[in-house]
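Structural characterization, general
What follows is the residue order along each chain.
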Amino acid sequence: MDFLEKIETDLSAAFIQNGYIVQACENLSALDKIRNKTVDLATNFLGVPYPTDAGEFLDEIVSLVPVKKLNSFRLHIISGLMAEPWFREAYFSCASSLVKTIVGNELVMQRNIGLSIQLPGDNSSLLPLHSDSWGSECSPFEVVLWIPLVDCYRTKSMFILPPDADAKWRERVQEFSGAGTESLYQAIEPELEWLEVPYGKVVLFTPTIVHGNRINQESTTRWSMNIRFKGLFTPYSDKRLGEYFAPIAVRAASKIGMKFTMPGGFDE
Amino acid sequence: MSEELIQKLGYRGYITSRPVRGISYPHRVQNLVVRDYATRHNLDYKLSATEYAMPGCYMMFYDVLTELPQLEGIILFSLFMLPQKTKLRLEIYDRILGAGCELHAALEEMVLQEKSEIEYFETMIQVVLNLPKAPMGGYYHKSEDPKLNNFFLEAMRPTIDMSVE
């Protein structure tokens, strides 16, 4: 018996079937604020004036940032965003209804930010194919909210292996044990989906399925952020509550339950 | 009677000889975390006090609490070193804040500077204390047999004198 509303049922079915959902950002002004702050931090680092077109500036950043400075540039932006008290709530608001539908309404959120900046042709910022649950301390109960700051498509985006194909290849991963992830990529490549996500849309996906990126062969730079969410009381792995995740929604019944103590002192 | 002005200087580190959330961190590693946290947050770090290994023992922590009049605060290696009993934790928060000090938790990057922040500290601790009652005991095991991942320990067994207590 299922008391979910139809829209929740439909979204849930699509998420399970496809491994992801792409939808319009639920709070575009929050996303614009995040992007504008990102541009502000970038211009401060580079010592250039604030541009008239934020999206175009980010797309063309390759002309201003050499590869050898890319990581310090990226870390500067990450620490600047994390220092803003409004950032985490703004990020969550971009897909809060979707996250609640897919995960639940008692939530924890990753405390830091994942920020990918993939310059065209650059092989220094690659994330080879992987499922987060195969390693990286991740629980299969997590979801990732992936938000681009520019239009993303083809190799300027990320790929996923749809759940049916993922299940099939998961049974065969051991065949590549001595050959490495590149040979596994070549084998699954025909079945991969590259996510088309223009600015103003967000992706929620399950990182249990194989995903990753390749060298960006487009002419403009990919900028995307990723932050994980999971249910407050769903099993954690070694990305633990405390140092990795923080509660963002704890309901009254849980607060009461956690503090409840039975009467004691009885002597049998 | 003239008032004696005591200058409050620095943050005392606090590490432990017991596992934290089931993991035994070497003292050296705990100190790295505490010192790195202090450096990044521009806190004047004072040599860590190290809690004894006996379960439930907080003697060294209470020694640090008596130092509060001379300190700006305490840097715990982890929030989850605080006592399990809520009453004791609440007394500790009150004592630290009442002394005009701060309580930092380096691993979790959390800081207690005023009463309104106690709820956040407590929520974190209470959820973790309740996780064992959640599905799968709140923890997803990556291997059906954890020992399968521990082949280095298994390989060492012939060289460990198992007769020594």
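This one's a predicted model, so the numbers in the text were calculated from it and none came from an experiment. Per chain, residues are indexed from 1 in the order of the written sequence. Chain letters and ligand numbers both follow the written order, the letters beginning at A and the numbers at 1. Residue-level local features of this predicted model are given only where pLDDT is at least 70; pairs of side-chain atoms are given and counted only at 80 or more, and the full residue set underlies all totals for whole chains, interfaces and linings. The basis for the side-chain values is all heavy atoms of the structure; hydrogens and waters are excluded.

**Quick look at the overall build of chain A**
A run of H or I in DSSP becomes a helix once it reaches four residues, and a run of E becomes a strand once it reaches two; helices and strands are each numbered from the N terminus. Broken down by element type, chain A carries 9 helices and 10 strands. For 268 residues, the compact-globule estimate of 2.2 N^0.38 gives 18 Å, and chain A sits close to it at 20 Å. Principal axes of the C-alpha set define a box for chain A whose edges measure 80 × 50 × 40 Å. The buried label goes to any residue with under 20% of its type's maximum accessible area, the exposed label to any with over 50%, and the partly exposed label to all in between, with areas taken from a 1.4 Å probe on protein chains only. The proportion of buried residues among the 268 residues of chain A is 51%. We call two residues contacting when some pair of their heavy atoms lies within 4.5 Å. A separation of at least 24 residues holds for 82% of the contacts in chain A among residues at least 6 apart in sequence. Carbon and sulfur atoms make up 53% of the accessible area of chain A, which amounts to about 12800 Å² in all. Positive residues here are Lys and Arg, negative ones are Asp and Glu, while His and the chain termini are left out of the count. Charge positions come from single atoms, namely NZ of Lys, CZ of Arg, CG of Asp or CD of Glu. When the 25 positive and 33 negative side-chain charges of chain A are each reduced to one mean point, those points stand 5 Å apart. This radius of gyration counts C-alpha atoms alone. The globule rule is 2.2 Å times how many residues there are, raised to the power 0.38. Methods summary: accessible areas were calculated by the Shrake-Rupley approach with a probe of 1.4 Å, and residue burial reflects only the protein chains presented.

**Some details on the pattern of salt bridges**
Throughout this description, the term salt bridge denotes a Lys or Arg side-chain nitrogen within 4 Å of a carboxyl oxygen of Asp or Glu. Per the counting criterion, the structure on display carries 20 salt bridges over all chains. A salt bridge links Asp10 of chain A to Lys6 of chain A, with the shortest nitrogen-to-oxygen separation between them at 2.6 Å. Here Asp10 of chain A pairs with Lys6 of chain A, and both are found in helix H1 (residues 6–18), just 4 residues apart, close to one helical turn. The class for Lys6 of chain A is exposed, based on a relative accessible area of 62%. Asp36 of chain B is the partner of Arg40 of chain B in a salt bridge, and the nearest nitrogen-oxygen pair spans 2.8 Å. Linking Arg40 of chain B with Asp36 of chain B, this pair stays in helix H1 (residues 27–40), spanning 4 residues, or about one helical turn. Arg40 of chain B gets classed as partly exposed once you look at its relative accessible area, which sits at 44%. Look at the salt bridges and you will find they share partners, linking Lys37, Asp40 and Glu84 of chain A into a network.

**Points about unusual backbone geometry**
Residue and element names in this part refer to chain B. Phi is positive for Glu109, close to 55°, though the residue is something other than glycine. Judged by relative accessible area, which is 33%, Glu109 ranks as partly exposed. Even without glycine at this site, Met136 takes up a positive phi of about 60°.

**Points about the interface of chain A and chain B**
With 27 residues of chain A in contact, the opposing surface of chain B contributes 25 residues. Contact between chain A and chain B buries roughly 2000 Å² in total, counting both sides, with carbon and sulfur atoms accounting for 60%. Accessible-area loss on putting two parts together, using a 1.4 Å probe and summing over both, is the definition of buried area adopted here. Area buried by chain A at its contact with chain B is led by Arg240, Leu241 and Met258 of chain A, which between them contribute 29% of it. Summed over the shared surface of chain A and chain B, the number is 2 salt bridges. Here Glu243 of chain A ties to Arg21 of chain B by a salt bridge, and the two come within 3.9 Å at their closest N and O atoms. Pairs of N or O atoms within 3.5 Å make up the polar contacts considered here, provided that, within protein, one atom can donate a hydrogen while the other can accept it, and that residues adjacent in sequence are counted only when both atoms are side-chain atoms. Across the chain A-chain B interface, the total number found is 8 residue pairs in polar contact (both at pLDDT 80 or more). When contributions to the side of chain A that touches chain B are tallied by element, the ones reaching two or more residues are strand E10 (245–249) and helix H9 (252–259) of chain A. Under this grouping Gly is polar, as are all residues other than the nonpolar Ala, Val, Leu, Ile, Met, Phe, Trp, Tyr, Cys and Pro and the charged Asp, Glu, Lys and Arg. Among the residues making up the side of chain A that touches chain B, the classes are represented as 13 nonpolar, 6 polar and 8 charged.

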